[in-house]
Amino acid sequence: MSHWYDKEGDPRYEVTGKKGKRPSTLRDARKHGWVPSVSTVWGDVVSRHMLNKWIQTELMKAFHEQVKLRADSTGILSFEDVEKLARSEFNKKQQETMSRGTVIHDHLELHFKGVDVVDQYKGLCQNVHAKLDEICGPQEWEVEKSFSHPLGYGGRTDLSNDEWIVDFKTKEFPDNPNVKKMVYDDHGVQLAAYDQGMLVNGLTKPRRLLNLFIDVGEGHRVLEWEHEDIPRFREMFNSALSLWKCTKKYNPEWQTT
């Protein structure tokens, strides 16, 4: 789903249609002059190899399970029927994964806003906070800060201040996790675009860019990765943004005074 922001940096994820609330679209953005999010820009024009590989793997797993189930029963289904069932199972898995990440992000947002979270997520939030204190030292954080930039894009950070921008990533860790294998250019591009987008507010010095990878399994391990090579990541995003404007035939830039 695409995300949009108005020029004041306020999220415009939904609009009210004839049948009630619905997700905002490019057509709505054109009408109101809204800008796309960083993830919308990047996802629309850049192929994400590891995400595609995960999708293909999970689809093959689902297909294999359906074939085994049908082989053990008396009914024989066509390829098309098995494919339909496999895709349905994959969609359920994808929605569960996305929902799990959203729930964890929601509880982290509450925690860093000083709201007590339910016991199920308290240990996870405490582990994340302890890791941040270890890396960054005690900090005052702005939580879920949104922005828009005159180049014609917007976004919303998990945590930020004048020194750091932090983004959470949730995933299932293997037994012996290697954080280097979890990090991709996509992550650095996202954070560099956030940093550039927020420099318009008066700051001139780039922030430090930090990903925290959070294990959704038992123990809620937290691993960190601080990104370097920020100019390269920024150039990558700006190139993608230019391509996005051309392919969508929509340029929401504006002039600052």
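Look up a bit, the structure's there.
Cut-offs applied
- Within any chain, residue numbers begin from 1 and follow the written order of that chain's sequence.
- Local features are withheld for residues below a pLDDT of 70 in this predicted model, meaning they are given only at 70 or higher, and side-chain atom pairs are given and counted only at 80 or more; totals for whole chains, interfaces and linings count all residues.
- Only hydrogens and water are set aside; all other atoms, that is, all heavy atoms of the structure, feed into the side-chain values.
- Helix and strand assignments come from DSSP, with helices taken as H or I runs of at least 4 residues and strands as E runs of at least 2, each series counted from the N terminus.
- Burial here depends on accessible area, computed with a 1.4 Å probe over protein chains only, as a share of the maximum for the residue type. Under 20% is buried, over 50% is exposed, and the range in between is partly exposed.
- We call two residues contacting when some pair of their heavy atoms lies within 4.5 Å.
- Per-residue and other accessible areas were derived by the Shrake-Rupley procedure at a 1.4 Å probe size, with only the shown protein chains allowed to occlude residues.
- Between any two strands, pairing holds if DSSP finds at least two bridges.
- Here an angle of 0 to 180 degrees is reported between the N-to-C directions of two axes, which are lines fitted to C-alpha atoms, with helices fitted over the stretch in contact.
- Salt bridges are defined by distance alone: a side-chain nitrogen of Lys or Arg within 4 Å of a carboxyl oxygen of Asp or Glu.
- Here, the term nonpolar core denotes a set of buried Ala, Val, Leu, Ile, Met, Phe, Trp, Tyr and Cys residues that are joined through side-chain atoms within 4.5 Å.
- Here a pair means two rings of Phe, Tyr or Trp (six-membered ring of Trp) with centres within 6.5 Å. Their orientation is stacked below 30 degrees between planes, edge-to-face above 60, and tilted elsewhere.

> Before we move on, can you summarise the overall build of the protein chain with the specific residues and values?
Along its length, the protein chain carries seven helices and eleven strands. Looking at the protein chain residue by residue over its 257 residues, the buried ones come to 37%. Intrachain contacts of the protein chain at a sequence separation of at least 6 include 64% that bridge at least 24 residues. Summing over all exposed atoms, the protein chain offers an accessible surface of approximately 15,100 Å²; the carbon and sulfur share of this is 50%.

> Now, about the sheet that holds strand β8 (residues 159-160): what can you tell me, with residues and values included?
The strand order across the open sheet formed by five strands is β5-β8-β9-β10-β11, and the pairing between neighbours is mixed. Two strands bound the open sheet, and with one partner strand each, they are β5 (142-143) and β11 (222-227). Sitting on the sheet, helix α5 (residues 119-136) is in contact with β8, β9 (164-171), β10 (208-215) and β11, with an inclination near 150° to β10.

> Describe the pattern of salt bridges, with residues and values.
Taken as a whole and judged by the stated rule, the model has 19 salt bridges. Here Lys122 and Asp119 are joined by a salt bridge, their closest N and O atoms 3.4 Å apart. Of this pair, Lys122 and Asp119 both sit in helix α5, three residues apart, which is roughly one turn of that helix. In this structure Lys122 comes out as partly exposed when scored by relative accessible area, which is 25%. Overall, Asp119 belongs to the exposed group, its relative accessible area being 64%. Two residues, Arg232 and Asp229, come together in a salt bridge whose shortest N-O distance is 2.6 Å.

> A description of the nonpolar core should follow, citing residues and the corresponding values.
Val38, Val41, Tyr153, Ile165, Tyr194, Leu209 and Phe237 are the most contacted members of the largest nonpolar core, which totals 24 residues. Among the secondary structure elements, those contributing two or more residues to this core are α2 (38-45), α6 (185-199) and α7 (230-248). When near neighbours in sequence (up to four residues on either side) are disregarded, Phe237 contacts Val38, Val41, Trp42, Tyr153, Val189, Ala193 and Gln196.

> Give a detailed account of the pairing of β10, specifying residues and quantitative values.
Extensive coverage of β10 is indicated by the burial of seven of its eight residues. Inspection of the sheet shows β9 paired to β10 by eight bridges, in the parallel sense. Paired with Thr170 across the strands is Ile214, a residue of β10. Of the strand pairs in this sheet, β10 and β11 are connected by six bridges, and their pairing is antiparallel. Bridged to Leu212 within β11 is Glu224.

> Tell me about α2, and please be specific about residues and values.
Of all the positions in α2, only Val38, Thr40, Val41 and Trp42 are classed as buried. Those residues of α2 that are buried lie in contact with β4 (35-36), β7 (153-156), α6 and α7.

> Talk me through the packing of aromatic side chains; I want residue IDs and the actual numbers.
The full count for this structure, using the stated rule, is seven aromatic pairs. Measuring from centroid to centroid gives 6.0 Å for Phe147 and Tyr194, while their planes differ by 80°, and the two rings are edge-to-face. Residue Phe147 is found in strand β6 (residues 146-149), and its partner Tyr194 is found in helix α6; the two are separated by 47 residues along the sequence. The residues Phe147 and Tyr194 share a single accessibility class, namely buried.

No statement about biological role is implied by the geometric values presented.
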